[in-house]
Amino acid sequence: MKLFVYHTPELTPTDHLPECAIAVDVLRATTTIATALDSGAEAVQVFSDIQKLMDVSTEWPEDQRLRFGERGGAKVEGCDLGNSPLSCTPEVVKGKRIFMSTTNGTRALQRVEAAKSVITGALINRQSVVNYITSHEPESIWIVGSGWEGQFSLEDTVCAGAIAHSLLTEFPLSSAVSEVNDEVIAAIALYRQWQEDLVELLQQASHGKRLLSLNGIEDIEYCAQLDSVHVLPIQKEPGVLVSHH
Ligand code: MLT
């Protein structure tokens, strides 16, 4: 098994894909996707383009859909909600298809959507990601951070480190990992340094600061809760994520 971490979608190789890709956007797209599916959403369908989201979602019955749109941390006009995981209560999302477009997270998913299996990871569902990998043992795995507009982000890298740390140190699988890139080692070091204080790390991240300026402290605290939600979002068709059973 080969394990690679890429800090942004732009840093991934362009000539091949892994057997399993894990898209990560801790603040907040993949945290919101996990929460929505855990609360009973039918599926989350992601778009990089807001207009396309509007066009496709219009064909869906109005009482069975929700439009989530975020740019720069704020809600997009014309959408039902922004991208806060705290909005995803069962009362709001149960049985609904969520049409989602966010600044970076949905682009990361699009970059890897042709991989054999595509799952999403966040701090809140780290354990479910690790359980999936240990039971399926894919030959090659990419953990792809969303970053922020092409730049490195602390929160996605610490999550990549949390997943890699668990895969490499806590499971018998560690002996099955034959190759890692340097980013795996660096991500694990970041996680080890901050594992007891993830809320503080997220507040120091540039997007954490952006969310704080938009009154997002409760979102940050929620996004930092390691292993708190037991759901695995998995792609069932390009761009459509459902809960893995
Ligand atoms: C993104 O995709 O860039 C994020 O999820 C932004 C956010 O809503 O916090």
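For the structure itself, consult the block above.
Attention here is on the structure that accompanies the text. No experiment lies behind these values; they were computed from the predicted model shown.

**Some words on the site of the ligand**
Working step 1: Around the ligand, the structure places 13 residues, and the nearest of them are Asn83, Thr102, Asn104, Gly105 and His207.
Working step 2: A distance of 2.9 Å separates an oxygen atom of the ligand from a polar atom in the side chain of Asp25.
Working step 3: Contacts to the ligand include Gly105, whose backbone N or O atom sits 2.7 Å from an oxygen atom.
Working step 4: The fraction of the free accessible surface of the ligand (270 Å²) that becomes covered by protein chains is 100%.
Working step 5: Of the residues that constitute the shell around the ligand, the class distribution is 4 nonpolar, 6 polar and 3 charged.

**Notes on helix 4 (residues 105–112)**
Working step 1: Those residues of helix 4 that sit buried are Gly105, Thr106, Ala108, Leu109 and Val112. On an axial view of helix 4, the arc spanned by its buried residues comes to 155°, and they lie on one face.

**Brief notes about the packing of helix 6 (residues 154–169) against helix 7 (residues 182–194)**
Working step 1: Where helix 6 meets helix 7, the axes come as close as 7 Å, and the angle between the chain directions of the two elements is 100°. Considering the angle they form, helix 6 stands roughly perpendicular to helix 7. Mapping the contact onto sequence places Leu154, Thr157, Val158, Ala160, Gly161, Ala162, Ala164, His165, Leu168 and Thr169 in helix 6 and Val184, Ala187, Ile188, Leu190, Tyr191 and Arg192 in helix 7.
Working step 2: Residues belonging to the contact of helix 6 with helix 7 are distributed by class as follows: 11 nonpolar, 4 polar and 1 charged.

**Some remarks on the nonpolar core**
Working step 1: Ile22, Ile119, Ile133 and Ile143 are the most contacted members of the largest nonpolar core, which totals 42 residues.
Working step 2: Top contributing element to this core by residue count: helix 6, with 7 residues.
Working step 3: If we skip the residues at most four places from it in the chain, Ile22 touches Ile119, Thr120, Gly121, Val129, Ile133, Ile141, Trp142, Ile143, Val144 and Ile163.
Working step 4: By size, the runner-up hydrophobic cluster in this structure holds 29 residues, among which are Val44, Met100, Ile124 and Trp142.

About the criteria used
- Residues numbered from 1 in each chain as written.
- Predicted model: local features only at pLDDT ≥ 70, side-chain atom pairs only at ≥ 80, totals over all residues.
- Heavy atoms only, no water.
- Near = heavy atom within 4 Å.
- Polar contact = N/O pair within 3.5 Å; in protein donor to acceptor, adjacent residues only side chain to side chain.
- Areas by Shrake-Rupley, 256 points an atom, 1.4 Å probe, with all protein chains shown as cover.
- Nonpolar A, V, L, I, M, F, W, Y, C, P; charged D, E, K, R; others polar.
- Buried < 20%, exposed > 50% of the residue type's maximum accessible area, 1.4 Å probe, protein only.
- Helix = DSSP H or I, 4+ residues; strand = E, 2+ residues; numbered from the N terminus.
- Arc of directions from axis to C-beta.
- Axes fitted to C-alpha atoms, helices over the stretch in contact; angles between N-to-C directions.
- Parallel < 35°, antiparallel > 145°, perpendicular 65-115°, else oblique.
- Contact = heavy atoms within 4.5 Å.
- Core = buried A, V, L, I, M, F, W, Y, C linked by side-chain atoms within 4.5 Å.

Remember that the coordinates give geometry; whether it matters functionally is a separate question.
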